[in-house]
Structures are given as structure tokens and as C-alpha cells.
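# Close look at the chain arrangement
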Amino acid sequence: MGLVHAEEMTLNIGPQHPSTHGVLRLKVKTDGEIISEITPVIGYLHRCFEKHCENLSYEQVIPFTDRCDYIAAMNNSFGYVLAVEKLMDIQVPERVEYIRVIMAEYNRIASHLLALGTFGLDVGAYTPFLYMFRDRERILDLFEITCGARLLYNYMWVGGVSHDLPLGFMEASYRFLDEFEKNINEYHNILSYNKIFIERSADVGIMPKDVAIDYGVTGPNLRGSGVKWDLRKDEPYSIYNRFKFDVPVGTGIMGSVGDCWDRYWVRAEEMQESIKIIRQALDKIPREGNVHEALPKKVRPPKGSIYFRTESPRGDLGYYIISDGTPTPLRVKMRSPAFTALSALSEIATGWMLSDVLVILGSLDIVLGEIDR
Amino acid sequence: MKNYFQNIWQSITTLLIGLGITIKHMFKARKGNVTLQYPEEKWPRPERNIGFDPKNYNIIRSKLHVDIDDCIGCRKCERACPVGCIKIDALKVPKETDLGLTSSGTTKRLLISRFDIDMTECMFCNLCTYPCPEDCIFMTGGPNSEKQPLDYEYSQYDRSRLIFKFANVTKNDIRRITTAPPVQQEIL
Ligand code: SF4
Ligand code: SF4
């Protein structure tokens, strides 16, 4: 009897799979239950964002940026309008700046709630998902009274925002923040400190510092690996330098630095920081002001190009815009943070069990709309 | 042999008994206990209280509506639309033709022979409603409830019926107005 020839088996996960957070196919080579190779296959959600931009005016691109990262649409259009404003040298009114920050941070909370909820779902915890969606719903309600839409807002405009805050927004905001702060503790008790959850996520899918940096991973995934890097703090854009907040990093409380639990934890802590920012912004926002004051008659930036990056809930979101002086951009390139996070998957998931793949994937919090564009 | 035919007989009788039961149920069916004929009949809209009155919303995203009597055919909405789902044909008319005024008092100079909005293509970005000088294209409901009640479902049997046609002039009207002989001048 010779040795039993152990063949590797190729397994397909997706493209239609509830835990792939979109339409993603993973080609997994398994040796028994251990993963020896994993290749993400992307492009199922490609909607020609960059080609569309070549044929649309600058304002008309904004709804398309919303549709790239549909979970955090406010942050996506925020980055785009800031880039165009810098290109055109527009100074927006104070009130607009504050409204934008409030909206962006609200959307960050909503996005993180979805990320944490679905991460729990991937691990097998169904109840926290429902609780988190209940709170996310209330943020979406706030967006709905402001701009009519719940997911794709087209709210940030070049030089302003589409509508001023509606009546009752402030009171509703304070009420929501008070209640939400309490709910975060509830989440920690029901999910974060749950033994089963910790067993599934701590010490799994460790992303060391140097791997994260080598792959260009940014945002909560990078901070989960212990690197203190947040564009809101390190390269403040808009008015982020006026707010006091901390940058939470993963410290390996439950396992080692850079594991799935750390990435989860950083997101949970970031929600606290976002609450702090929103509170300060609500207190300091100028009560009067016309949000349409600085809207340019025609959005027609001078010849030139710009690269501008902002901190979206998924990380370092950059826009590279080339203008040839016409009302249509010559080129809009988007640097997607979720794309770089996914590219690191094959590195960090190799060697883990098959059942860990979806946990690792869920902890990276990718949005396929942004990866494929 | 006897067994064989008995089997067939049994299956036929039991089947008929079963069918009889279902037919009896068909006639017994109470009204309201059967499938809802959806686009014709609808369940009432569920109550949804988020603590705000829809009238206090800044805007709402539902179905686009055009007050065609107010439209001057400037095509600003058509140009603003990123996906190009608004199609307008505006015809030049002889100078003296009186097309009336809009509700804000602007003289209408163009005859709108076609104003189609393809709601299957629309992505509800609301960009078309901002540039309109007469405020005559808007989303129904919400703050516009007074002008047009909320219509968010607009389900149809066929996709082609989701292309909403707002122009209200007939072919005859178009022929009459655009080729109107300048007789009026002589009378004046
Ligand atoms: S809402 Fe947007 S997509 Fe729809 S018709 Fe208006 S501009 Fe076009
Ligand atoms: S912008 Fe208003 S007035 Fe002009 S064509 Fe459109 S609906 Fe008519």
C-alpha cells in the first residue's frame, strides 16, 4: 500500500451567497478543511462608473458616486464634492460644513451598524442583527425627512447641500443619540462579550501590521491591526480639526492584535467617536445660514487635476479628477478602500478552516458595489 | 386480473372524491379569502410613524408628476437628468397663437406634443425637479401632497405602461395649431 494521494479540492463560494455581502465569487482550494489558496473573483456588479462619468456633468456624477458604496452614500458623495470644490476653489458656508459632517458621521454609524450586524449574522448571531437594524432604521428616518431618500441621497452638492435641516431635526437627533449610546452597551453585552462570538472571531484571520500596510488596507481594518491612522485626524479635511475625538485601534484584548474581533471592536468604538462628533457639531452649528449660498451657477472647474481623499467608513476613499475646462470631467477615478481590503483576503485567510473564511470576509466589511464600481 | 381493475376503479373514485372536496371549497370561498387582484385591489398602506409628519419633510422621492398646463417646454429638466429618461418634444407655433399662461403668469410659447417620463429608468435622484422655472415637475406626496397625492406604487401589468405620458394635446390639435393660417391678423 502506497501513500494515499490527497488531492486538493476546488470549492466555489458565491456569486450568489448570503454571506458574500454582494455578488462576489471566491475560488477556494481546500486541503481537507484547511484552505490552501483563495482567489476572489470580482466584477459581477460592474456598472461602468468611470465611463459614465466621462459623459455626465459634474453634478450628475453625484448620484452615481452614491451608488458605488450604497451603504455609506453620504460619505462617498462627500469625498467627491470636496474634490470638485477644491478644484474650483469654492468656500462653502459654515452651516453647510457642519451639516455635512453631521450627515457623514450619521452615515458612518449606519454603515458600521450594518457591518457589525451582518458580521454577527455570519458568525451565527441573529438577534443583534435585528437590534442593530432597528437603530440603523432611525438614522435612515432622519435622512428621509432631510432629503427624501433612505439609501441613495444625492444630498451633498458641489458648493452646498440640497436642503437645509428640516424642522425638528435637532431634537430628534439629540433624542436618538441619547438612546443609541445606551444601546451600544447592550450590543456589547449581547454580542461583543459573548463567549461563542469571541471563540469564533478572536485569534482568527490575523492581519499583521506590515501585511495591512503592504496591501494598502485602510480604515477600520488598518486600525484593527494597531496602526493609528485616520485621515480625519492626520490629514483633516472639511472641519474635522475642530472636533475632539479619539482614534480607536485594535489592541488584541481577546486574542492577538489584528484578528477579526479587533476589527469588529474598532468599528464598535468608532460609533462612540462618531456620536461625540455629532454632539459637538449639533452644539456648535450656526443656527442661521443659507445652504445654497455658495452654489456655483455653473460647475465648470478650470483645467487641471486633483486627487482628494477622505475617510469613508471603509477607509481611505480617494477621487482623482481630471478637468479639461468643460462641464464634463475628462476622467474620474475612484480609489476604493474595500478593494484593497479584499485584496488582502487571500493573504490572511490562507491556512484557516473553511468555516472561518466567511468570518474573515465579514470582518473586512466590504461592499461589492464599490469594488466593482 | 380482478385486482388490477379494482385498483384502477379505486384510484378513480378517490380522485373524484378529492376533486369534489376542492370544488366544494371553491364555491364556499368567502370574499376576501382569495388572492388579492393586486394592481386593481390593494391592501391599505400600513401605518408608519417615524415621529414626523410627511408634510414637514424637505422632499419626498416617489413618482414624478408634471403639471403639464404649467410647463413652458424649456427642457431644463430633460438636460438635468443623468440617465435621460425624460423625453420632451416642444413644437414652435406661429407667432400669434395664444397658448395661454402658466399659473405663475409666464406666457407659453411652445406646444408640448410629447412629455414622457420612463419611470423604469428613473433613479430618483430628484435632479430634474430643481431647475424647473415653473415648479411644475415634482415628486408626488410629502410636501407636495396638496398638488398631487402620494403615489409610490404605480404598479402596472406591462413595462411599457410605466412610461408615463403627460402631454395632453391630440394629433388634431397639433395640426390645427402649428399650421394655423394667419387669419387672425386680418380680423384684428
Ligand atoms: S429623478 Fe433623476 S433619474 Fe429620475 S427623471 Fe428626474 S433627473 Fe432623471
Ligand atoms: S423644466 Fe419645467 S417648465 Fe421646463 S420643460 Fe421641464 S417641466 Fe417643463
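Residues numbered from 1 in each chain as written. Chains lettered and ligands numbered in written order. Predicted model: local features only at pLDDT ≥ 70, side-chain atom pairs only at ≥ 80, totals over all residues. Heavy atoms only, no water.

### Structural notes on the overall build of chain B
So the rule is basically this: Helix and strand definitions here come from DSSP, where helices need a minimum of 4 consecutive H or I residues and strands a minimum of 2 consecutive E residues; each element is numbered from the N-terminal end. Our radius of gyration looks at C-alpha atoms and nothing else; its globule reference is 2.2 Å times the residue count to the power 0.38. Each residue's exposure class comes from its accessible area (1.4 Å probe, protein chains only) as a fraction of the maximum for that residue type: buried when under 20%, exposed when over 50%, partly exposed otherwise. Contact definition: two residues touch when any of their heavy atoms are within 4.5 Å. Per-residue and other accessible areas follow the Shrake-Rupley method at a 1.4 Å probe size, with only the shown protein chains counted as cover for residues. His is not counted, nor are the chain ends; Lys and Arg add positive charge and Asp and Glu add negative charge. To locate a charge, the coordinates of NZ of Lys, CZ of Arg, CG of Asp or CD of Glu are taken.
Within chain B, the secondary structure is distributed over four helices and five strands. A compact globule built from 188 residues would reach a C-alpha radius of gyration of about 16 Å, whereas chain B, at 28 Å, exceeds it by more than 25%. Expressed along its principal axes, the backbone C-alpha trace of chain B runs to roughly 100 × 50 × 30 Å. Counting across all 188 residues of chain B, residues that qualify as buried make up 30%. Expressed as a percentage of contacts within chain B between residues at least 6 apart in sequence, the contacts between residues at least 24 apart total 75%. Element-wise, carbon and sulfur atoms account for 55% of the exposed surface of chain B, whose accessible area totals about 13,300 Å². Chain B carries 27 positive and 22 negative side-chain charges, and their two centres are separated by 8 Å.

### Digging into the interface of chain A and chain B
The test is simple: Summed over both partners, the accessible surface that disappears when two parts come together, traced with a 1.4 Å probe, is what is meant by buried area. Every case where a carboxyl oxygen of Asp or Glu lies within 4 Å of a side-chain nitrogen of Lys or Arg is listed as a salt bridge. Any pair of N or O atoms that falls within 3.5 Å is considered a polar contact. Within protein, one atom must be able to donate a hydrogen and the other to accept it, and sequence-neighbouring residues count only if both atoms are side-chain atoms.
With 27 residues of chain A at the contact, the number on the chain B side is 18 residues. Both faces considered, chain A and chain B share a buried interface measuring about 1,700 Å² in area, 58% of it formed by carbon and sulfur atoms. It is Q60, I145 and H163 of chain A that lose the most area in chain A upon contact with chain B, and together they represent 29% of the buried surface on that side. Counting across the interface, chain A meets chain B through zero salt bridges. Remark: the boundary between chain A and chain B carries ten residue pairs in polar contact (both at pLDDT 80 or more).

### Quick notes on the sheet that holds strand β3 (residues 34-41) of chain A
Backbone hydrogen bonds are what pair the strands of a sheet, in a parallel or an antiparallel way. Residues and elements named next belong to chain A. Just so we agree on the cut-off: At least two bridges found by DSSP between two strands are what make those strands a pair. Inter-axis angles, ranging from 0 to 180 degrees, are taken between N-to-C directions of lines fitted to C-alpha atoms, where helices are fitted over the stretch in contact.
Taking strand neighbours across the sheet as the criterion, the three strands line up as β1-β2-β3 in an open arrangement whose pairing is antiparallel. Edge positions in the sheet fall to β1 (9-13) and β3, since each has one partner strand and no second. On average, adjacent strands in this sheet sit at an angle of 20° to one another, irrespective of strand direction. Strand direction decides the pairing type here: strand β2 (residues 25-31) and β3, joined by seven bridges, are antiparallel. Bridge assignment links K29 to a residue of β3, and that residue is E37.

### Section: the side chain of E370 of chain A
All names here are of chain A. Mapped onto the elements of the fold, E370 is located in helix α15 (residues 368-372). Within the buried core, E370 has no salt-bridge partner, and the shortest N-O distance to an opposite charge, that of R314, equals 4.7 Å. Aside from chain neighbours lying at most four places away, what touches E370 is C68, D69, N76, R314, L317, M334, S336, P337 and A338.

### Remarks on the site of ligand 1
Operational definition: Here, proximity means that at least one heavy atom of the residue falls within 4 Å of the molecule or strand. Under the scheme applied, nonpolar residues are Ala, Val, Leu, Ile, Met, Phe, Trp, Tyr, Cys and Pro; charged residues are Asp, Glu, Lys and Arg; polar residues are all the others, including Gly.
Residues in contact with ligand 1 amount to 13 residues; listed here are only the nearest, C81, C122, C125, N126 and C128 of chain B. Class assignment for the residues of the shell around ligand 1 results in twelve nonpolar, one polar and no charged.

### Quick notes on a nonpolar patch on the surface
Residues and elements named next belong to chain B. Condition: Residues enter patches when their relative accessible area tops 30% and they take part in no salt bridge; the joining distance is 9 Å for like charges and 5 Å for the nonpolar side chains Val, Leu, Ile, Met, Phe, Trp and Tyr.
The grouping of M1, Y4, F5, I8, I12, L15, L16 and L19 at the surface amounts to a nonpolar patch, some 870 Å² of accessible area in total. For I12, the location among the structural elements is in helix α1 (residues 2-28). The class of I12 is partly exposed, set by a relative accessible area of 42%.

### Thoughts on the pairing of strand β7 (residues 315-323) of chain A
Residues and elements named next belong to chain A. Counting buried residues along β7, seven of its nine residues qualify, which places the element largely inside the surrounding structure. Sheet topology places strand β6 (residues 304-312) next to β7; nine bridges connect them, and they run antiparallel. Its bridge partner lying in β7, S312 is registered against G315. The hairpin turn running from β6 into β7, its antiparallel successor, is two residues long. Note: β7 against strand β8 (residues 331-335), five bridges, orientation antiparallel. Bridge pairing links G318 to R335 in β8.

### Some details on a positive patch on the surface
There is a patch of like positive charges on the surface, built from K298 and R300 of chain A together with K76 and R79 of chain B. Checked against the element boundaries, K76 of chain B lands in helix α2 (residues 76-80). K76 of chain B sits in the partly exposed class, given a relative accessible area of 38%.

### Quick notes on the domain arrangement of chain B
Selection rule: For the domain bounds, the source is a domain assignment made automatically or taken from a database.
Domain assignment breaks chain B into domain 1 (1-29) and domain 2 (54-178). Look at where the C-alpha atoms of domain 1 of chain B and domain 2 of chain B centre, and you get two points 60 Å apart.

### Some points on the nonpolar core
Note the cut-off: Throughout, nonpolar core names a set of buried Ala, Val, Leu, Ile, Met, Phe, Trp, Tyr and Cys residues whose side chains join them through atoms within 4.5 Å.
Judged by nonpolar contacts, the single largest core of 124 residues is most densely connected at Y106, I321 and I366 of chain A. When residues of this core are assigned to their parent elements, the largest contribution, 14 residues, is made by helix α4 (residues 94-123) of chain A. Among residues more than four places away in sequence, those in contact with I321 of chain A are Y58, Y80, A83, V84, L87, G304, S305, I306, P329, R331 and V332 of chain A. In this structure, C77, I86, I112 and C136 of chain B belong to the second largest nonpolar core, which totals 24 residues.

### Some details on the confidence of the model for chain B
We count it as follows: As a per-residue measure, pLDDT reflects the predictor's confidence and takes values from 0 up to 100.
Chain-level pLDDT for chain B is 81 on average; 92% of the residues reach the 70-or-more range. As scored by the predictor, the complex reaches a pTM of 0.84 and an ipTM of 0.73.

### Here we look at the pattern of salt bridges
Residues and elements named next belong to chain A. What the rule picks out here adds up to 31 salt bridges over all chains. Among the ionic pairs, E94 bridges to R242, the shortest N-O distance being 3.1 Å. Here E94, found in helix α4, pairs with R242, found in the loop between α10 (231-234) and α11 (260-284); they are 148 residues apart in sequence, far enough to count as distant. For E94, a relative accessible area of 38% translates into the label partly exposed. Using a relative accessible area of 35% as the deciding quantity, one classes R242 as partly exposed. Salt bridges sharing partners connect three or more residues here, namely E105, R108, R223, D230, R232, E270 and E311.

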